[in-house]
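Examining the three-dimensional arrangement
Letter by letter, the chains look like this.
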Amino acid sequence: MSSAPTLDLAADFLRARLGEFHPKVAVVLGSGLGRLADSVSGGTRIPYSEIPGFPSSTVVGHSGELVTGVVEEVPVVLQSGRFHLYEGHDGETVALPVRVFAELGVEYLIVTNAAGCLRPAMQPPTLMLIADHINMMGGRGSPLTGPVVDGEPRFPDLHDLYDADLRSATRKVALELGIRLEEGVYLSLLGPCYETPAEVRMLQKFGADAVGMSTVPEVLVARARGLKVLGISSITNMGAGLFQGVLNHEEVLEAGKELAVDLERLVRGVLPKLGEGRK
């Protein structure tokens, strides 16, 4: 469980490691989406094992390191491998990196994930811009419960949680680059099991377009900290009951790799619009 001392230790450690480098944008890379981390100019890699309070990543497709450097002339920090509630972590630990990013002066958070499709017309593989989310992760799904953390309101407003201006800019970039980009509502469950066909039908009735097992805790803390958020899902598969066959993590990773090129192009296209005048 993270705490204020843990947050301070992690932030102080990274300030010392980064020196005069001040990231303005943080990018959280989901399952199989680590390609962008390999292309950072002048990148510094810091394993989670060296950062106070950061546990090791246990999920295949999550490398477990922070990568800092410059992408499209914008100073960034990439979280290559996130923490999940289903690994046994509490919400505070899952959201610790975002709190650290805020302490380092990051202003924008780009979250990516791999997700299953609930909308039959949105055939995977494709990218989906997250317009809103539904939190069904249970009591552990909000890192804002418990004592109020300094710098965070007790009751943050979630209006326009996924920033409308950032979404508009991303749609324009996708159009310019010829990248297929859907838009919809992301629903997050605790996991780690994939959904049953009956659950998929229920989630469709709730108004969700995609389902996954991450993202919401980080985004809630980002909003509480005043960061502007852009969310992009890699839609890797149809939900159970919407196709013939069985789901497995290896196929999700492969589909994520197929989408990784377009995801990198899209993020690279958007970054200059976030970092103009902030180098």
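The structure reproduced in this document is the subject of the present report. Just so it is clear, the structure is predicted and the values come from calculations on it, not from any experiment. (Residues numbered from 1 in each chain as written. Predicted model: local features only at pLDDT ≥ 70, side-chain atom pairs only at ≥ 80, totals over all residues. Heavy atoms only, no water.)

1. Section: the environment of Leu127
By the element assignment, Leu127 lies in strand β6 (residues 126–136). Owing to a relative accessible area of 1%, Leu127 belongs among the buried residues under this scheme. For the pair formed by Leu127 and Val27, sequence separation is 100 residues and the distance between their alpha carbons is 16 Å. The residues contacting Leu127, other than those within four sequence positions of it, are Ile179, Arg180, Leu181, Glu182, Ile232, Ser233, Ser234, Leu259, Asp262, Leu263 and Leu266. (Helix = DSSP H or I, 4+ residues; strand = E, 2+ residues; numbered from the N terminus. Buried < 20%, exposed > 50% of the residue type's maximum accessible area, 1.4 Å probe, protein only. Contact = heavy atoms within 4.5 Å.)

2. Some points on the pattern of salt bridges
For the structure on display, the rule yields 20 salt bridges. A salt bridge links Arg45 to Asp38, with the nearest nitrogen and oxygen atoms 3.1 Å apart. Using a relative accessible area of 59% as the deciding quantity, one classes Asp38 as exposed. The salt bridge partner of Arg99 is Glu152, with a shortest N-O separation of 2.7 Å. With Arg99 in helix α2 (residues 91–103) and Glu152 in the loop between β6 and α3 (164–177), this pair connects stretches of sequence that are 53 residues apart. (Salt bridge = Lys/Arg side-chain N within 4 Å of Asp/Glu carboxyl O.)

3. Description of the side chain of Thr68
Looking at the element boundaries, Thr68 is found in strand β3 (residues 65–71). Using a relative accessible area of 5% as the deciding quantity, one classes Thr68 as buried. Ignoring sequence-local partners within four residues, the contact set of Thr68 consists of Leu18, Phe21, Val40, Gly42, Gly43, Thr44, Val76 and Val77.

4. Observations regarding the packing of α2 against helix α5 (residues 216–224)
Axis separation between α2 and α5 bottoms out at 8 Å; the angle between their running directions is 40 degrees. In this structure, the crossing between α2 and α5 has a hand that is right-handed. Along the contact surface, α2 presents Val94, Ala95, Val98 and Arg99, while α5 presents Pro217, Glu218, Val221 and Ala222. Residue composition of the contact of α2 with α5, by class: six nonpolar, no polar and two charged. (Axes fitted to C-alpha atoms, helices over the stretch in contact; angles between N-to-C directions. Left-handed = near helix turned anticlockwise from the far one by under 90°. Nonpolar A, V, L, I, M, F, W, Y, C, P; charged D, E, K, R; others polar.)

5. Observations concerning the nonpolar core
Ranked by internal contacts, the top residues of the largest apolar core, which has 45 residues, are Ile51, Phe54, Leu66, Val100 and Leu109. Among the secondary structure elements, those contributing two or more residues to this core are α1 (4–18), β1 (25–29), α2, β5 (108–117), β6, α5 and β9 (228–238). Contacts of Leu109, omitting those with residues within four sequence positions, involve Ala26, Val28, Val98, Glu218, Ala222, Leu227, Lys228, Val229 and Leu230. The next biggest cluster of nonpolar side chains, apart from the first, holds 28 residues, and it includes Leu230, Ile232, Leu266 and Leu274. (Core = buried A, V, L, I, M, F, W, Y, C linked by side-chain atoms within 4.5 Å.)

6. A word on α2
The end-to-end C-alpha separation of α2 is 18 Å, in line with the 18 Å expected for 13 residues at 1.5 Å each. Largest kink in α2: about 35 degrees, centred on Pro97. Those residues of α2 not exposed but buried are Gly91, Glu92, Thr93, Val94, Ala95, Leu96, Pro97, Val98, Arg99, Val100 and Phe101. Where α2 starts, the residue carrying a side-chain oxygen 3.0 Å from the main-chain nitrogen of Glu92 turns out to be Asp90. Gly105, located one to two residues past α2, shows a positive phi value of around 95 degrees. (Expected span 1.5 Å × (residues − 1). Bend = angle between axes of the 7 residues up to and from the residue. Polar contact = N/O pair within 3.5 Å; in protein donor to acceptor, adjacent residues only side chain to side chain.)

7. Concerning unusual backbone geometry
Residue Pro125 is bonded to the preceding Pro124 through a cis peptide linkage, with omega at 0 degrees. The residue Pro125 is located in the loop between β5 and β6 in this model. Gly191 connects to Pro192 through a cis peptide bond whose omega is 0 degrees. Note on placement: Pro192 falls in the loop between β7 (181–189) and α4 (197–205). Even without being glycine, Glu72 reaches a positive phi, approximately 55 degrees. Note on placement: Glu72 falls in the loop between β3 and β4 (74–80).

8. Focus on the environment of Leu118
Tracing the sequence through the fold places Leu118 in the loop between β5 and β6. Given a relative accessible area of 2%, Leu118 falls into the buried group. Each C-alpha atom, one on Leu118 and one on Met238, is 6.6 Å from the other, the two residues being 120 residues apart in sequence. Look past the residues within four positions of Leu118 in its chain and what remains in contact with it is Val200, Leu203, Gln204, Ala208, Asp209, Ala210, Val211 and Leu242.

9. Overview of α5
A large share of α5 lies buried, amounting to eight of its nine residues. Where α5 ends, the next residue or the one after it, Gly226, has phi of about 85 degrees, a positive value.

These figures come from the coordinates and say nothing about function on their own.
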